[in-house]
Amino acid sequence: MKNQTIVIIGANSEIAKALSQQIILDAKNHDNTQLIVISRDLTFYQQESFQQLHSACLNSINVKNYQEDEINLAVSKIDLIAMFEITKVIICHGLLHNKKLQPEKRLEDFSAEAFTQVLSANTITPMLWLKHLTPILSGKGSCKVVVFTARVGSISDNRLGGWYSYRASKAAMNMLLTSAAVELARRAKNIKLISFHPGTTDSPLSKPFQKNVPEGKLFTSEFVAKQLLTIVEETVIDGKASYLDWQGKVIPW
Ligand SMILES: NC(=O)c1ccc[n+]([C@@H]2O[C@H](COP(=O)([O-])OP(=O)(O)OC[C@H]3O[C@@H](n4cnc5c(N)ncnc54)[C@H](OP(=O)(O)O)[C@@H]3O)[C@@H](O)[C@H]2O)c1
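Parameters at a glance
Throughout this document, residue positions are counted from 1 along each chain, in the order its sequence is written. Thresholds applied to this predicted model are a pLDDT of at least 70 for local features of residues and 80 or more for the giving and counting of side-chain atom pairs; totals over whole chains, interfaces and linings are not thresholded and use all residues. Heavy atoms from the whole structure form the basis of all side-chain values; hydrogens and water molecules are not counted. The nearness test applies per residue and asks whether one of its heavy atoms lies within 4 Å of the molecule or strand. Here a polar contact is recorded for every N or O atom pair within 3.5 Å, except that within protein the pair must consist of a potential hydrogen donor and a potential acceptor, and residues adjacent in sequence are included only if both atoms are side-chain atoms. Residue-level accessible areas treat just the shown protein chains as cover; the underlying method is Shrake-Rupley with a 1.4 Å probe. Here a helix means four or more residues in a row that DSSP labels H or I, a strand means two or more in a row labelled E, and each is numbered from the N terminus. Side-chain classes follow a simple rule in which Ala, Val, Leu, Ile, Met, Phe, Trp, Tyr, Cys and Pro form the nonpolar group, Asp, Glu, Lys and Arg form the charged group, and the remainder, Gly included, forms the polar group. Per-residue accessibility, obtained with a 1.4 Å probe over protein chains only, is compared with the maximum for each type, and a residue is labelled buried under 20%, exposed over 50%, and partly exposed between these values. Paired strands, as defined in this entry, are two strands with at least two bridges between them according to DSSP. A right-handed crossover is one whose linking path, passing over the helix from the first strand to the second, runs clockwise when the strands point away from the viewer. Contact criterion: two residues are considered in contact whenever any of their non-hydrogen atoms come within 4.5 Å of each other. Helix axes use the C-alpha atoms of the stretch in contact, all axes being lines fitted to C-alpha atoms, and the angles between their N-to-C directions lie in the range 0 to 180 degrees. Our angle categories are set so that under 35 degrees counts as roughly parallel, over 145 as roughly antiparallel, 65 to 115 as roughly perpendicular, and the remainder as oblique. Two helices crossing with the near one rotated counterclockwise from the far one by less than a right angle form a left-handed crossing, whereas a clockwise rotation gives a right-handed crossing. Two aromatic rings, drawn from Phe, Tyr or Trp (for Trp, its six-membered ring), form a pair once their centres lie within 6.5 Å of each other, and the interplanar angle then sorts them: stacked below 30 degrees, edge-to-face above 60, tilted otherwise.

Engineer: Mind laying out the site of the ligand, listing which residues take part and the relevant values?
Structural biologist: Taken together, 27 residues are adjacent to the ligand, and Ser39, Tyr66, His93, Tyr166 and Ser203 come closest. Arg40 is positioned such that a nitrogen or oxygen atom in its side chain is 2.9 Å from an oxygen atom of the ligand. Between the ligand and the protein, one listed contact pairs an oxygen atom with a backbone N or O atom of Thr201 at 2.8 Å. For the ligand, whose accessible area on its own is 900 Å², the fraction buried by protein is 88%. At the level of elements, helix H1 (14–27) and helix H6 (164–187) are the ones that each hand at least two residues to the shell around the ligand. When its residues are assigned to classes, the shell around the ligand shows eleven nonpolar, 13 polar and three charged.

Engineer: Could you give an account of the pairing of strand S5 (residues 143–148), naming the residues involved and the relevant values?
Structural biologist: Within S5, six of the six residues are buried, which leaves it mostly tucked inside the rest of the structure. Where burial is concerned, the two faces of S5 agree: the one with Cys143, Val145 and Val147 and the one with Lys144, Val146 and Phe148 are both buried. Looking at chain direction, strand S4 (residues 86–91) and S5 are connected through four bridges and run parallel. Its bridge partner lying in S5, Ile91 is registered against Val147. One crossover worth recording links S4 to the parallel S5 by way of helix H5 (residues 112–137), and it is right-handed. Bridge count for S5 against strand S6 (residues 191–197) is six bridges, and the pairing is parallel. From the neighbouring strand, Cys143 faces S6, where its bridge partner is Ile191.

Engineer: Quick rundown of the side chain of Thr134? Include the residues and the values.
Structural biologist: By the element assignment, Thr134 lies in helix H5. When its relative accessible area of 6% is taken as the criterion, Thr134 is described as buried. The contacts of Thr134, once residues within four sequence positions are left out, are Leu184, Arg187 and Ile191.

Engineer: Let's hear about the packing of H5 against H6: which residues, and what values?
Structural biologist: Packing of H5 against H6 brings their axes to within 8 Å, and their N-to-C directions diverge by 15 degrees. Considering the angle they form, H5 stands roughly parallel to H6. Taken as a pair, H5 and H6 cross one another with a handedness that is right-handed. Of the residues in H6, those in contact with Phe115, Val118, Leu119, Asn122, Thr123, Pro126, Met127, Leu130 and Thr134 of H5 are Ser165, Tyr166, Ala168, Ser169, Lys170, Ala172, Met173, Leu176, Leu177, Ala180, Leu184 and Arg187. Class assignment for the residues of the contact of H5 with H6 results in 14 nonpolar, five polar and two charged.

Engineer: Can you break down the sheet that holds strand S2 (residues 33–39) residue by residue, with the values?
Structural biologist: Strand order in the open sheet formed by seven strands is S3-S2-S1-S4-S5-S6-S7, and the pairing between neighbours is parallel. Both edges of this open sheet fall to strand S3 (58–62) and strand S7 (241–245), since each of them pairs with a single strand only. Neighbouring strand axes in the sheet, compared pairwise and without regard to direction, differ in orientation by 20 degrees on average. Bridging between S2 and S3 involves five bridges; their strand directions are parallel. Paired with Leu35 across the bridge in S3 is Leu58.

Engineer: Please set out the packing of aromatic side chains residue by residue, giving values where relevant.
Structural biologist: A complete count under the given rule lists ten aromatic pairs for this structure. Summarising the aromatic geometry, the rings of Phe44 and Tyr45 are spaced 5.0 Å apart at their centres and angled 85 degrees between planes, so their arrangement reads as edge-to-face. There is no split in this pair, since Phe44 and Tyr45 are both buried. Among the aromatic residues, those joined into a ring-pair cluster are Trp163, Tyr166 and Phe209.

Take a look at the structure:
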């Protein structure tokens, strides 16, 4: 097993927490994996139960918000504390609903303010991370950058409609990733971009929409974390962006 640093961004996401636990379990008895977690809320990582799980391989960076200055500062900190080459970056931001915002059922529900918020969380924030991380990842060992999107971001697979803002924000993220892959194929051939659909997973994001999920189709975050880590390991660096689901199957853009 090679030495590696793994970075998880938006680490208070339910799936991110399971990923962190799995990475630390996998790294147990090896002194060769450093995990850096970044979030506005690191409470989970400060709990005694989590502290007992890991040894010295966990570092955390608390951000006040996801404005560009704050992201830039966090990336400088990553560069400073990374002990090994960064082999994986997993960006977990996702906003579907909050107290003031619900996914749209019909055109009349669309609101500029809600769309702006969703686009900021799901598209602009991950893109700013990619922008600031690229210089510290370029030209080194292989690095896979995963951005969590969703199958509903697929334009060709859109049969149900609705959820205008969420769908559009994830489709826009896919376009940004495919464009970035073209640029990185020229200037940073060691970086692979993956747009990842975890499947419907039990988390605060999916909570209000779980009623209609068929039996056996609501995944635990632990299951998705294991799937993703295997898929990332198996994905080859090929100068293209991949859009993959929880089974590792390609989703049509
Ligand atoms: N759960 C599902 O069924 C499902 C299905 C398809 C796709 N996904 C995607 O999978 C990813 C992880 O989802 P999850 O279920 O783990 O979600 P979650 O537990 O609700 O976590 C929310 C995540 O979004 C970040 N976030 C929330 N509001 C934000 C804002 N205004 N600006 C920037 N970041 C914000 C949080 O960052 P902090 O750490 O700073 O709080 C956290 O990383 C998301 O991209 C989601 O769209 C989930």
